[in-house]
Amino acid sequence: MKFLRRFFIRFSNLATRQSADQRLQDEIAEHLAFQTEENMRLGMSPAEARRQAALKLGAAQAIRDHHHAEQSIPFIENLLFDLRYAVRMLLRSPGFSLIAIATMALGIGATTAIYSVIDATLLHPLPYPNPAQLVRIEDNLSGVGAQDVGISVPEWRDLESSGIFQSVSISGHGADVNLTGSAQPERLSYKNVSSNYLAVLGVDTQLGRIFDPHDATPGFNLEAVISDGLWRREFGGDPHILGKALLLDNDLYHVVGVLPSGFRDLGSTSEERNTEVWLAAGMAGLPFPPPMRGTRLQSRVVARLQPGLSIAAAQQRLDALVASLKKQYPAEYPAQAAWTMRLSPLSESVVGGVRQSLVLLFGAVGLVLLISCVNVANLLLARASGRGREIAVRQALGAQRTRLIRQLLTEILLLFLLGGVAGFAILFGAQRFLLRLVPESLPHLNNIAVGWGVLVFAIAVSVAAGIIFGLAPAWLMSSVDLMGTLRQEGRGSKGSPGRSRARQILVMSELALSLVLMVAAGLLLRSFWDLFKVSPGFNPDRVMAIQTWLPGPNDPAADIYRTATQESVLLREILRRSRTLPGVEEAAIGDVAALPLGHSRPSQLPLIREGVETIDNQAPRIYSPIVSPEYFHLLGMPLLQGRLFNDQDLEDTPQVVVINQAAARIYWPNQDPLGKRVRLHLDARQMLSSAKPAWTTIIGVIADARTESLADAAIPQLYRSVYQRSAKDLAIFLRGQLDPSTISVQVRQQVQSIDPQLPVFHAETLDDVLSTSLSVRRFSMEMVALFAATALLLAGLGIYGTISYVVNEQRREIAIRLALGAQRANILKMVLRQGLRLVAAGAGVGLVAALIVSHLMAGLLYGVSPTDLPVFAGVTFVLTTVALAASYIPALRAMRLDPITTLHSE
Amino acid sequence: MKEKPDVLQGTLALMVLKTLDVLGTQHGWGIARRIEQISGDLLAVNQGTLYPLLLKLEHEGSIASEWGASENNRRARFYRLTGAGRKQLQAETRDWEQTAAIIARFFKVKAEDLP
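Residues numbered from 1 in each chain as written. Chains lettered and ligands numbered in written order. Predicted model: local features only at pLDDT ≥ 70, side-chain atom pairs only at ≥ 80, totals over all residues. Heavy atoms only, no water.

## Brief notes about the overall build of chain B
Then, in step 1: Helix and strand content of chain B: 4 helices and 3 strands.
Then, in step 2: Reading chain B from its N terminus to its C terminus gives the helix and strand order α-β-α-α-β-β-α.
Then, in step 3: Burial analysis of chain B (115 residues in total) assigns 42% to the buried set.
Then, in step 4: The contacts of chain B with a sequence gap of at least 6 include a subset with a gap of at least 24, amounting to 50%.
Then, in step 5: Carbon and sulfur atoms form 56% of the exposed surface of chain B, whose accessible area is close to 7,000 Å². (Helix = DSSP H or I, 4+ residues; strand = E, 2+ residues; numbered from the N terminus. Buried < 20%, exposed > 50% of the residue type's maximum accessible area, 1.4 Å probe, protein only. Contact = heavy atoms within 4.5 Å. Areas by Shrake-Rupley, 256 points an atom, 1.4 Å probe, with all protein chains shown as cover.)

The following block contains the structure:
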């Protein structure tokens, strides 16, 4: 307590600069006066009395010093003194300071930029209260290789009553719905959720209420919670919105709540993230399938763990539950299916896809920061020789070495801090521009902000880097040969061997680090290039896709597009009219799953093969787009076997499908797939109307195309005909000389002249879709390449500085050699050899490190081996060339040295 | 002339507090003078340490000070004991007496007294 009190008084003295010195002087004067009077009373003469009084008091200055030390905090005072001195030193050599600050600004600015992305995505992925309690639960049937097969209603009830979770919610994947009744029909993303979903996330409304258990009556519920964005856009922020009607897919809902503006739903697809309407559903009762254990809802399960329960502990209890359920219902969970439930942190499902890229970027930017630091340390050491005299004088005057180190460190820290703040300032100013570089598919893009937290990070990094990379230079700078330096007077002093060795090590590590970065960039570049060049198996040239959405009301009877036959009238009319649009050569229709690479999470259906014993929930799952017969020709996917759909394949004729080569190879190995029959577990409504869907015959095999992922050559696909199977989420494909600015309006006019209730949206060229699908890779590649270029530049500067310095030190020696008749070419060779030695050592270390790093990032590579020889050789060559070029300039200077003037001036 | 011993380390604060306790309010010179008198001029108060000590005690809250006029109408800074200072004095007095008693017992003890 007392200590604290004293500290605060001292601190306030320091801050207010209020000095008690005057008071002390007054007191001492009074003291002397009292003593003098006393002495005079004892009979001394006035002069002697004063003298004796002063003698008795002792040295007044010492008292003042002592008093001053008691009064303030010497550490901080020294710091202020050091800071003032450091500022003076920085101002004295503005060129050096500017270069050092700019280098640090580059390193710290880049690191901070990546950090701000990581902060928003990896560190704070879930903007909900107590995010650590939120988990995802996946049902897996690992015995049949089926992942995330969805949950059945009885299993959901088991989880709710297990005691492991506070609450377990089910939500559909994001899906689309038509909002009609507004000026222009709008397509929205909505989610069917169990009534506790919003409560599990921990979100509350700004208006109205979230769902309560009453909203969980069997079947669909008519309560809707809407987003702040929709509320403002469509309802003008109407404060009386509660209870108002919302016409979604021709069904009437009413609004019970409006969520706060900051709320975003979780999810890995853009549909899920942009959800604007939440509808409560009972998940049981019509039109959902009856709640049987084997009947799994196509849903994701999000739960909140009991407080204090770790994921591992919860998983253990869950495993026990699964084991006992298996024992209880052996018929539902056959041993060969190997049913398990897996818990994972919810944050993982949001950021899982981009983590590796971001970690790579952070690593790359960390290397750039390291190189920047090394460069500045190098500059500091170079300057040390110039400041040797100053330091020697200060030492001669009695400055202790620790004091000197502290002062030098203050100077270095100031440099680093200024660099960090400058880097942050640039980032802050340029954030609007920089954010445009970030791919849109990154989760939580909108949360990326350059704010206080990022500033704190920048400052912390600057200080840490300053201390780490400032200590060694400060140590080396403070150790001067006192006598030698002072005796040399004004002559250029020779640096200490410790310092030049340190500089060489620094440059070598710089070269090594840049080599690592360049190899990483080279490998990524090659992967990207390979992906970019890969033949996708379909022809995206001059193709546009424009989406529309057919409403699917809850009551099937109210659906005017319920059957494929009903829908086909509309589709044929759309196709007919589309072909009349200017520039259109071909037109086709497919569902969103048929849109190549345009959907991040297409649903897969269980594939049941005739003659292969499977029950529904153990079947392999397959992508199954629905397309019109023209689709394959429009996208240039060649038929290999059998036939394509034709106009005689209708809803009332036998069901037929076309598969791709991969499906044939995987599911009918060494057999002729033509004529084989399959069954797809179709959507819920279908199941209710017919107990068992009829068998479907394979009529054709088309060539593999990379329509799901450019990186994956062969994903099994099973195409169905849109005239046999209705689809709600439609894409209209057009090929021809199209004008992107007008085509979507033209298509909308045509579609809405057939049915004014249909929204038409999201026109994009397939080339754009392709390029968007590569955006995260492109982003990592571009960033790493940028960092690598920066690293190369910095390493070049580093080696240039070091060789210049070496040349400068050897000026005398070179001049003597020249005077004694050495060939100038030999001098050139001598200097270049020094540079080459550094490069060789740096490149050697760098190659080893690069091998390790390239193996760590193997997961990000495509089509290129982590030990790709051309990349390693090319990078080494470039680095060597740059380094040699950087040493060539000082070497040239050394060669042109005039021995007479040099020796004269020495 | 024989050098007077300096005040034992750490006891000066106790003496200052006790002096203020006895004399009430007093200025710096008065405190120094008083300590020397009480010690029978055996101790010399190092004036150099007195003023920093007074400041320290003031920072700790044991004493308070203000300007005032002395008996012969001089302006001087007067120090007085605060409540906290009085408590500190009592505590330190107890500690000191205990220490002195222990030391005294050590001086008294003879070999045959030990069991």
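Still more ground to cover, so stick around.
## Let's talk about the overall build of chain A
Then, in step 1: Counting its secondary structure elements, chain A contains 27 helices and 25 strands.
Then, in step 2: Expressed as a percentage of its 906 residues, the buried residues of chain A come to 52%.
Then, in step 3: A fraction of 81% describes how many contacts in chain A between residues 6 or more apart in sequence connect residues 24 or more apart.
Then, in step 4: In the form shown here, chain A has an accessible surface area of approximately 40,100 Å², with 60% of it arising from carbon and sulfur atoms.

## Describing the pairing of strand 7 (residues 220–226) of chain A
Residue and element names in this part refer to chain A.
Then, in step 1: Most of strand 7 is tucked away, with 5 of its 7 residues classed as buried.
Then, in step 2: The pairing of strand 7 with strand 9 (residues 251–258) spans 4 bridges and is classified as parallel. Bridging across to strand 9, I226 finds its partner in V258. (Pairing = 2+ DSSP bridges.)

## A word on the pairing of strand 2 (residues 63–69) of chain B
All names here are of chain B.
Then, in step 1: When strand 2 meets strand 3 (residues 75–81), the two strands line up antiparallel, connected through 7 bridges. From the neighbouring strand, E66 faces strand 3, where its bridge partner is F78.
Then, in step 2: Here strand 2 folds back onto strand 3, and the loop between the two strands holds 5 residues, one of which, N73, carries a positive phi near 60°.

## What about the interface of chain B and chain A?
Then, in step 1: Counting residues at the interface gives 27 residues for chain B, matched by 23 residues for chain A.
Then, in step 2: Taken together, the two surfaces of chain B and chain A that pack against each other cover about 2,500 Å², and 58% of this comes from carbon and sulfur.
Then, in step 3: Put simply, chain B and chain A have 2 salt bridges between them.
Then, in step 4: Of the charged contacts in the structure, one is a salt bridge between R33 of chain B and E38 of chain A, with a shortest N-O distance of 3.7 Å.
Then, in step 5: The tally of links from chain B across to chain A stands at 3 residue pairs in polar contact (both at pLDDT 80 or more). (Buried area = accessible area lost by both parts, 1.4 Å probe. Salt bridge = Lys/Arg side-chain N within 4 Å of Asp/Glu carboxyl O. Polar contact = N/O pair within 3.5 Å; in protein donor to acceptor, adjacent residues only side chain to side chain.)

## With respect to the packing of helix 24 (residues 811–819) of chain A against helix 25 (residues 824–856) of chain A
Residue and element names in this part refer to chain A.
Then, in step 1: Close contact between helix 24 and helix 25 brings their axes to 10 Å; oriented N to C, the two are set at 150°. Comparing their axes, helix 25 and helix 24 come out roughly antiparallel. Helix 25 is crossed by helix 24, and the crossing has right-handed handedness. Of the residues in helix 25, those in contact with I814, R817 and L818 of helix 24 are R824, I827 and M830.
Then, in step 2: Of the residues that constitute the contact of helix 24 with helix 25, the class distribution is 4 nonpolar, no polar and 2 charged. (Axes fitted to C-alpha atoms, helices over the stretch in contact; angles between N-to-C directions. Parallel < 35°, antiparallel > 145°, perpendicular 65-115°, else oblique. Left-handed = near helix turned anticlockwise from the far one by under 90°. Nonpolar A, V, L, I, M, F, W, Y, C, P; charged D, E, K, R; others polar.)

## Some points on the pattern of salt bridges
Residue and element names in this part refer to chain B.
Then, in step 1: Per the stated rule, a full pass over the model turns up 28 salt bridges over all chains.
Then, in step 2: Between D21 and K18 there is a salt bridge, with the nearest N and O atoms lying 3.6 Å from each other. Of the two residues, D21 and K18 are both situated in helix 1 (residues 11–23); the distance of 3 residues between them amounts to about one turn of the helix.

## Remarks on the nonpolar core
Residues and elements named next belong to chain A.
Then, in step 1: Ranked by size, the top nonpolar core spans 120 residues in total, and within it Y631 and F787 carry the most contacts.
Then, in step 2: Excluding anything up to four places from it in sequence, F787 contacts A110, I114, L361, A364, V365, V368 and L517.
Then, in step 3: Formed by 41 residues, the second largest nonpolar core is a distinct cluster that contains A86, F96, Y115 and F457. (Core = buried A, V, L, I, M, F, W, Y, C linked by side-chain atoms within 4.5 Å.)

## A short note on unusual backbone geometry
Then, in step 1: Non-glycine residue R542 of chain A carries a positive phi angle of around 55°.
Then, in step 2: Note on placement: R542 of chain A falls in the loop between helix 16 (497–533) and strand 14 (543–549).

## A word on the sheet that holds strand 2 of chain B
Residues and elements named next belong to chain B.
Then, in step 1: Read across the open sheet, the 3 strands follow the order 1-3-2; overall the sheet is antiparallel. Unpaired on one side and paired on the other, strand 1 (26–27) and strand 2 mark the two borders of the sheet.
Then, in step 2: Strand direction decides the pairing type here: strand 1 and strand 3, joined by 2 bridges, are antiparallel. What sits directly across from H27, in strand 3, is F78.

## Notes on the environment of F872 of chain A
All names here are of chain A.
Then, in step 1: Mapped onto the elements, F872 comes out in helix 26 (residues 869–895).
Then, in step 2: Overall, F872 belongs to the buried group, its relative accessible area being 9%.
Then, in step 3: Sequence separation of F872 and M518 is 354 residues, and the distance between their C-alpha atoms is 8.8 Å.

## Re the side chain of S854 of chain A
Residue and element names in this part refer to chain A.
Then, in step 1: Mapped onto the secondary structure, S854 falls in helix 25.
Then, in step 2: A relative accessible area of 1% places S854 in the buried class.
Then, in step 3: Not counting residues within four places of it along the chain, the set of residues in contact with S854 comprises L523, L861, P866 and F872.

## Digging into the packing of helix 6 (residues 94–123) of chain A against helix 23 (residues 775–809) of chain A
Residues and elements named next belong to chain A.
Then, in step 1: The N-to-C vectors of helix 6 and helix 23 enclose an angle of 160°; their axes lie 12 Å apart at closest approach. Compared by their axis directions, helix 6 and helix 23 come out roughly antiparallel. In terms of crossing hand, the pair formed by helix 6 and helix 23 is left-handed. Here T103, L106, A110 and I114 of helix 6 come into contact with helix 23, specifically with F787, T790 and L794.
Then, in step 2: Residue classes in the contact of helix 6 with helix 23 are distributed as 5 nonpolar, 2 polar and no charged.

## Looking at the packing of aromatic side chains
All names here are of chain A.
Then, in step 1: Following the criterion strictly, the structure yields 14 aromatic pairs over all chains and no others.
Then, in step 2: Look at Y115 and F457: their rings are 3.7 Å apart centre to centre, the planes differ by 0°, and that puts the pair in the stacked class. With a gap of 342 residues between them, Y115 in helix 6 and F457 in helix 14 (residues 452–478) connect regions that are remote in the sequence.
Then, in step 3: Residue classification places F457 among the buried residues on the basis of a relative accessible area of 16%.
Then, in step 4: Ring-pair connections join several aromatic residues into one group, and the members of that group are Y631, F632, F645, Y719 and F733.
Then, in step 5: Note that R401 overlies the ring of W475, its terminal NZ or CZ placed 3.8 Å from the centroid.
Then, in step 6: Sitting above the plane of the Y723 ring, R572 keeps its charged end 3.9 Å from the centroid. (Phe/Tyr/Trp six-rings, centres within 6.5 Å; stacked < 30°, edge-to-face > 60°. Lys NZ or Arg CZ within 6 Å of the ring centre and 35° of its normal.)

## Concerning helix 22 (residues 766–773) of chain A
Residues and elements named next belong to chain A.
Then, in step 1: Among the residues of helix 22, those classed as buried are L766, V769 and L770. Across the axial projection of helix 22, the buried residues extend over an arc of 100°, all falling on one side.
Then, in step 2: Of the surrounding elements, those touching the buried residues of helix 22 are strand 14 and strand 25 (760–765). (Arc of directions from axis to C-beta.)

## What to know about the side chain of S462 of chain A
Residue and element names in this part refer to chain A.
Then, in step 1: Locating S462 in the fold gives a position in helix 14.
Then, in step 2: Its relative accessible area of 1% is what places S462 among the buried residues.
Then, in step 3: There is a polar contact of 2.6 Å between the side chain of S462 and the backbone oxygen of A458.
Then, in step 4: Not counting chain neighbours up to four residues away, the residues in contact with S462 comprise I108, F416, L417 and G420.

## What to know about a nonpolar patch on the surface
Then, in step 1: Where nonpolar side chains cluster on the molecular surface, the patch consists of I102, I103, F106 and F107 of chain B and spans about 470 Å² of accessible area.
Then, in step 2: For I102 of chain B, the position within the fold is in helix 4 (residues 83–108). (Patch = residues over 30% accessible without salt bridge, like charges linked within 9 Å, V, L, I, M, F, W, Y side chains within 5 Å.)

## As for the confidence of the model for chain A
Then, in step 1: In the predicted model, chain A carries a mean pLDDT of 82, and 90% of its residues have values of at least 70.
Then, in step 2: Across residues 489–493 of chain A the pLDDT falls below 50, and counting only partners more than four positions away or on other chains, this stretch makes 4 contacts in the model. (pLDDT = per-residue confidence, 0-100.)

## Let's talk about helix 9 (residues 228–235) of chain A
Residue and element names in this part refer to chain A.
Then, in step 1: Inspection of helix 9 places D228, L230 and W231 among the buried residues, and these make up the whole buried set. Down the axis of helix 9, the sector holding all buried residues measures 165°, keeping them to one side.
Then, in step 2: Contacts made by the buried residues of helix 9 are with strand 4 (175–179), strand 5 (186–193), strand 6 (207–208), strand 7, strand 9 and strand 10 (277–281).
Then, in step 3: Two residues or fewer after helix 9 comes G236, characterised by a positive phi angle close to 55°.

## A look at the confidence of the model for chain B
Residue and element names in this part refer to chain B.
Then, in step 1: Mean pLDDT over chain B stands at 80; residues scoring 70 or higher make up 87%.
Then, in step 2: Mean pLDDT across the elements of chain B ranges from a minimum in helix 3 (residues 47–60), with 80, to a maximum in helix 4, with 88.
Then, in step 3: Per the prediction output, this complex has pTM 0.68; the corresponding ipTM is 0.80.

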